[in-house]
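Report on the structure
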Amino acid sequence: MNERVALRILIIGLVQGVGFRPFIHRLAYKHRLYGYVKNTGGSEVEVWIEGNHAGVKSFLEDLYKEKPPPAIIEEVIIREEIPRNYNDFKILPSEKKLFLRSNIPPDFAICKECLREILDPKDRRYKYAFNSCAWCGPRFSMMYSVPYDRENTSMRKYRLCEECLKEYKDINNIRRYHAQGISCPRDGPRLTLYDNEWKEISTNDPITTAAKLVDEGYILAIKGLGGYHLAAKATDDDVVLLLRQRKKRPSKPFAIMGLDTKVLNRIVVVDDDAEKLLRSPQAPILLLPKRSDSPVSKYVSPGLSHEGVFIAYTGLHYLLLMNTKDKFLIMTSGNSTGEPMCTDEKCAREKLSNIADYFLVHDREIVNRVDDSVLRRTDDKWVFLRRSRGYAPTWIRVKRKLLYEYIAFGADLNNCGAIGFDDKIVPTQFIGDLDSVSAQEDLLKAINYYIRNYKINLGKAIIVIDKHPEYYSRRLGETFAKEHGLPIVEVQHHYSHVLGAAIDNGLEGQVIGIAIDGVGWGDDNTIWGGEILLFNTHEYVYNRIGSILQVPVTSDRDTIYPARLVAGFLALNGYSLEEIIELLKRKKLVEKLPLGKMEIEAVYNLVNMRRYIPASSTGRFLDMVSVLLGIAHYRSYEGEPAIKLEAVADYAVRNDLIDMKIRLENSLYVLDYSKAIYMLLEEENHDPRIFARSILYSYGYLLGEIISKGAKGRKISGVVISGGAAVNTYINKGIREKLNEVGLRVYLPRHIPANDGGVSFGQVAAADLYMNQYNSGSSFPQ
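Residues numbered from 1 in each chain as written. Predicted model: local features only at pLDDT ≥ 70, side-chain atom pairs only at ≥ 80, totals over all residues. Heavy atoms only, no water.

On to the overall build of the chain, then. For the chain, the helix and strand inventory stands at 23 helices and 30 strands. What you see for the chain is a C-alpha radius of gyration of 28 Å, in line with the 28 Å of a compact globule of 782 residues. Looking at the 782 residues of the chain, the share that counts as buried comes to 63%. Within the chain, residue pairs in contact and separated by at least 24 positions form 73% of the contacts whose partners lie at least 6 positions apart. Surface exposure of the chain reaches about 30600 Å², of which carbon and sulfur atoms provide 48%. Placing the 105 positive and 99 negative side-chain charges of the chain at their respective mean positions leaves the two points 3 Å apart. (Helix = DSSP H or I, 4+ residues; strand = E, 2+ residues; numbered from the N terminus. Rg over C-alpha atoms; globule rule 2.2 N^0.38 Å. Buried < 20%, exposed > 50% of the residue type's maximum accessible area, 1.4 Å probe, protein only. Contact = heavy atoms within 4.5 Å. Areas by Shrake-Rupley, 256 points an atom, 1.4 Å probe, with all protein chains shown as cover. Lys, Arg positive; Asp, Glu negative; His and termini not counted. Charge placed at Lys NZ, Arg CZ, Asp CG, Glu CD.)

Written as structure tokens, this is what we have:
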């Protein structure tokens, strides 16, 4: 069997930017094979090997067994070739030719080997903030284009010194042979410390000096991997309140970065499962239960039961925290309220100089903004609140071949765009709320980047937008379609939610979806947000079989001051103005409104003149419960009353089943929660913890009751829950316990956020069903 054989191999997955070509070279050398390896223009890797049968067989076996830790092999295409009689094996220059598309590499947290080097006084990279190797460090955040080569990244301006070049050329150096992003103190990025007038601070050690300043109570802006953070002392009430004042962020929680999981364990409860995630290459922020003796200021996450924590995921962050007294700091996005996180010095000067006292800045360009990813547990399952650093821009495979290529613009809150091609949907990194022009520009920048680097063919692409007539994302999508002459598919918001959750879980056939959130434009031109939809994963069709009681929304101000919602609810149910004022006075809510009785009178009049939008919204229902329990009378950030309601419920010792009605109206089951609102209005001496948990649980249980009614006589493959309120543990528990009684299994999204960050994923799936159903083979449906 010494006859020479040759194979041409295409490897698809996460195989660029993870040390894969050097690994292939070493593997070929080990098995005495000849040929080449190279990156190609679709982010895949092409390999040619030739040698004897035994060597080739062993090579293919070791391809999976010995691959680099961050690498993910999804598909291997092998073709027998005629041997070319190569007499060596080489890493060839990358080429831009596309064979098949593969994953663009995300950013990876610093690995334990690189961390060991920066802590070793004898190592030449001792205290070097930008240490990385083939297994870790920035990728997507510094990539201009594929393939992943140094000249296509913002590391191209740093020429390797002799020692780095020697490592780069040494085949036996597992972590640095042909590693594109490596550097050292002699040839890599430089750090500078500035004051907030951007005058350079003279110091030989910017990191240690910056750490000392933070310990003294100053606020530091630090240019990190995917953008700027604001760092501040988390144990000092005055510092935290000052940061809130400067950032104009009255109560939205700040994240805390700790040196390691041992440090975080002083603040929150870190179990084995959480520790594994915190220390993973993705190193996301996790929401974990606070310890009762936590040294963290109560103003870091006021009114909440969980703290958002993560570990230092770059050398820069680690060295900073190592030199602080507490070994943990507030580490929150470096942005002014309502704006995206800054990524360059121009933005930092303009937007952060009135927030930060000092700036720790490096000179490597951040090409792509990448916010920190956030996960939480819901009913003992990890779910995304934000999918970004460490996960984006990798794709999510689906169990179908898409008919066309798609560009989805998502929703307006927690925005992510998405593209779709072949059997893959690729959500963009987190963009955020689209209220600001900067965020809208970032969405377009991200979409154009994905189009270019995932090689989307604009000649056969479909634009997908939300049905809401006032969404910025919709207008951006319409403008993009007009500029490129592309057809548009419009998808209802909650259908995107539940279909996306079903596709994400690989469900087939008939599915029932619960979409519970604050706002989405309904097919009847009202606001939806508590909807139960019956649909089929193979057809573009859905049937709304359940909903919840509508509440009148007279203006956006109702969502900021929930007492106005209660006033509107009472006005719609026939209460006089005097009765409404008296009821709200008893709950001490009139005085909480900036304009007092005038606000109630305005809502009352608007409702009676029928100048409102009816909203079957879970968010608005939970807002009313929260304000009536005295938990939140003002919303300073998205979902605040509902989030604080769940936090109070976390401290309850039990839950009761609250009486709410289900009635049938024109073939639509409606959950009427009026009794719960009246009970809260009348009850004086109640335990808010038990009431909060009981109402959340009961709401979920009765949604489950509607589903069990709608599922009768149908073959249902599963029930999915999506929307911003889908992550509420007690609503989930109620739904699951009810549906367990009838043998229906419940699913949450696995790879996408349940909130509006997952809408674009569902939009792509829905648009493909639409195109399959209506495609004539010659023209696009209009």
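Let us now look at the sheet that holds strand S21 (residues 488–491). Overall, mixed pairing links the 6 strands, which are arranged S16-S19-S18-S17-S20-S21 in an open sheet. Strands with a single pairing partner mark the edges of an open sheet, and in this sheet they are strand S16 (396–397) and S21. (Pairing = 2+ DSSP bridges.)

We now examine the side chain of threonine 394. Mapping threonine 394 onto the fold places it in the loop between strand S15 (381–386) and S16. You can call threonine 394 buried: its relative accessible area is 13%. A polar side-chain atom of threonine 394 sits 2.4 Å from the main-chain carbonyl oxygen of tyrosine 391. Setting aside its immediate chain neighbours within four residues, threonine 394 contacts Asn103, Ile104, Pro106, Arg387, Val426, Pro427 and Tyr454. (Polar contact = N/O pair within 3.5 Å; in protein donor to acceptor, adjacent residues only side chain to side chain.)

Counting buried positions along strand S14 (residues 374–378) yields 4 of 5 residues, so the element is predominantly enclosed. Pairing of S14 with S15, which is carried by 5 bridges, proceeds in the antiparallel orientation. Bridge pairing in S15 places arginine 377 opposite tryptophan 382. Linking two consecutive strands that pair antiparallel, namely S14 and S15, is a turn of 2 residues; a positive phi of about 55° is found at aspartate 379 within it.

Three- or four-residue spacings in an α-helix give side chains the same orientation, since the helix completes a turn every 3.6 residues. Its 12 residues place the ends of helix H17 (residues 597–608) 17 Å apart at the C-alpha level, agreeing with the 16 Å of an ideal helix rising 1.5 Å per residue. Regarding H17, the residues found buried are Glu599, Ile600, Val603, Tyr604 and Val607. For H17, the buried positions fall inside an angular range of 135° around the axis, keeping them on one side. In the core, the buried residues of H17 are packed alongside strand S25 (551–553), helix H14 (557–560), helix H15 (562–572) and helix H16 (577–586). Downstream of H17 by a residue or two, arginine 610 has a phi angle that is positive, lying close to 60°. (Expected span 1.5 Å × (residues − 1). Arc of directions from axis to C-beta.)

Taken residue by residue, the chain gives an average pLDDT of 96. The fraction at 70 or more is 99%. For the stretch residues 776–782, pLDDT sits under 50, and the model shows 8 contacts to residues farther than four places along the chain or on other chains. (pLDDT = per-residue confidence, 0-100.)

Moving on, we come to the pattern of salt bridges. Applying the stated rule across the entire model yields 58 salt bridges. For aspartate 149, the salt bridge is made with arginine 21, and the minimal N-O distance between the two is 3.2 Å. You can see aspartate 149 sitting in the loop between helix H3 (112–118) and helix H4 (162–169) and its partner arginine 21 sitting in helix H1 (residues 20–30), a full 128 residues away along the chain. On the accessibility criterion, aspartate 149 (6% relative accessible area) is buried. Its salt-bridge partner being lysine 199, residue glutamate 197 comes within 3.4 Å of it at the nearest N-O pair. The same class applies to glutamate 197 as to lysine 199, namely exposed. Overlapping salt bridges, with partners in common, bring together Glu74, Glu75, Arg397, Asp423 and Lys424 in one network. (Salt bridge = Lys/Arg side-chain N within 4 Å of Asp/Glu carboxyl O.)

Our focus in this paragraph is the packing of helix H13 (residues 493–504) against helix H23 (residues 759–774). Following both chains from N to C, one finds H13 and H23 inclined at 90°, their axes separated by 7 Å at the closest point. Classified by the angle between their axes, H13 and H23 sit roughly perpendicular to one another. Residue-level contacts link His493, Tyr495, Ser496, His497, Leu499, Gly500, Ile503 and Asp504 of H13 to Val759, Phe761, Gly762, Gln763, Ala765, Ala766 and Leu769 of H23. Considering only residue class, the contact of H13 with H23 consists of 8 nonpolar, 6 polar and 1 charged. (Axes fitted to C-alpha atoms, helices over the stretch in contact; angles between N-to-C directions. Parallel < 35°, antiparallel > 145°, perpendicular 65-115°, else oblique. Nonpolar A, V, L, I, M, F, W, Y, C, P; charged D, E, K, R; others polar.)

On to the state of the cysteines, then. Here the structure, examined in full by the defined rule, presents 1 disulfide. Each sulfur of the disulfide joining cysteine 342 and cysteine 347 lies 2.0 Å from the other. The S-S bond linking cysteine 342 to cysteine 347 shows a torsion near -60°; that makes this disulfide left-handed. The residues cysteine 342 and cysteine 347 share a single accessibility class, namely buried. No disulfide involves cysteine 114; its sulfur sits 3.6 Å from the nearest other cysteine sulfur, which is in cysteine 136. The closest cysteine sulfur to the non-disulfide-bonded cysteine 133 is located on cysteine 111, 3.7 Å from its own sulfur. (Disulfide = S-S within 2.5 Å.)

Take the sheet that holds strand S10 (residues 285–289) next. Read across the sheet, 10 strands follow the order S6-S13-S7-S8-S12-S9-S11-S10-S14-S15 without closing on themselves; strand pairing throughout is mixed. In the strand order of this sheet, the two ends are held by strand S6 (191–195) and S15, each with one partner. Neighbour-to-neighbour, the strand axes of the sheet open up by a mean angle of 35°, direction not taken into account. When strand S7 (residues 220–223) meets strand S13 (residues 358–362), the two strands line up parallel, connected through 3 bridges. Note on S13: the bridge partner recorded for leucine 220 is tyrosine 358. Lying over the sheet, helix H5 (residues 206–215) contacts S6, S7, strand S8 (228–232), strand S12 (328–333) and S13, oriented at roughly 35° with respect to S6.

The N-to-C vectors of helix H18 (residues 618–628) and helix H19 (residues 640–649) enclose an angle of 60°; their axes lie 8 Å apart at closest approach. By the angle class used here, H18 and H19 are oblique. With respect to the hand of their crossing, H18 and H19 are arranged in left-handed fashion. Contacts between H18 and H19 pair Leu622, Asp623, Val625 and Ser626 from the former with Pro641, Ala642 and Leu645 from the latter. (Left-handed = near helix turned anticlockwise from the far one by under 90°.)

Turning next to the packing of aromatic side chains. Here the structure, examined in full by the defined rule, presents 28 aromatic pairs. It is arginine 101 that lies over the ring of phenylalanine 421; its NZ or CZ is 4.0 Å from the centre. Lying over the aromatic face of phenylalanine 430, arginine 386 brings its terminal NZ or CZ to 4.5 Å of the ring centre. (Phe/Tyr/Trp six-rings, centres within 6.5 Å; stacked < 30°, edge-to-face > 60°. Lys NZ or Arg CZ within 6 Å of the ring centre and 35° of its normal.)

This part covers the nonpolar core. Phe20, Ile24, Val47 and Leu220 are the most contacted members of the largest nonpolar core, which has 106 residues in total. Those residues within four positions of phenylalanine 20 in sequence are excluded, and the remaining contacts are Ile11, Val15, Val45, Leu63, Lys67, Pro68, Ala71 and Ile73. Counting 79 residues, the second-largest nonpolar core is a separate cluster that includes Leu645, Phe691, Ala692 and Ile731. (Core = buried A, V, L, I, M, F, W, Y, C linked by side-chain atoms within 4.5 Å.)

Below, the discussion takes up helix H22 (residues 729–740). For H22, spanning 12 residues, the distance from its first C-alpha to its last is 16 Å, which sits close to the expected 16 Å at 1.5 Å a residue. Most of H22 sits inside the fold, with 9 of its 12 residues counted as buried. Buried within H22 we find Thr729, Tyr730, Ile731, Asn732, Gly734, Ile735, Arg736, Lys738 and Leu739. The opening residue of H22, the one whose side-chain oxygen lies 3.0 Å from the backbone nitrogen of tyrosine 730, is asparagine 728.

Further remarks concern unusual backbone geometry. The linkage connecting valine 146 with the following residue, proline 147, adopts the cis geometry, with an omega of 0°. Note on placement: proline 147 falls in the loop between H3 and H4. Proline 393 follows alanine 392 through a cis peptide bond whose omega is 10°. Within the secondary structure, proline 393 sits in the loop between S15 and S16. Residues other than glycine seldom take positive phi values, yet lysine 127 does so here, at roughly 60°. Its place among the elements puts lysine 127 in the loop between H3 and H4.

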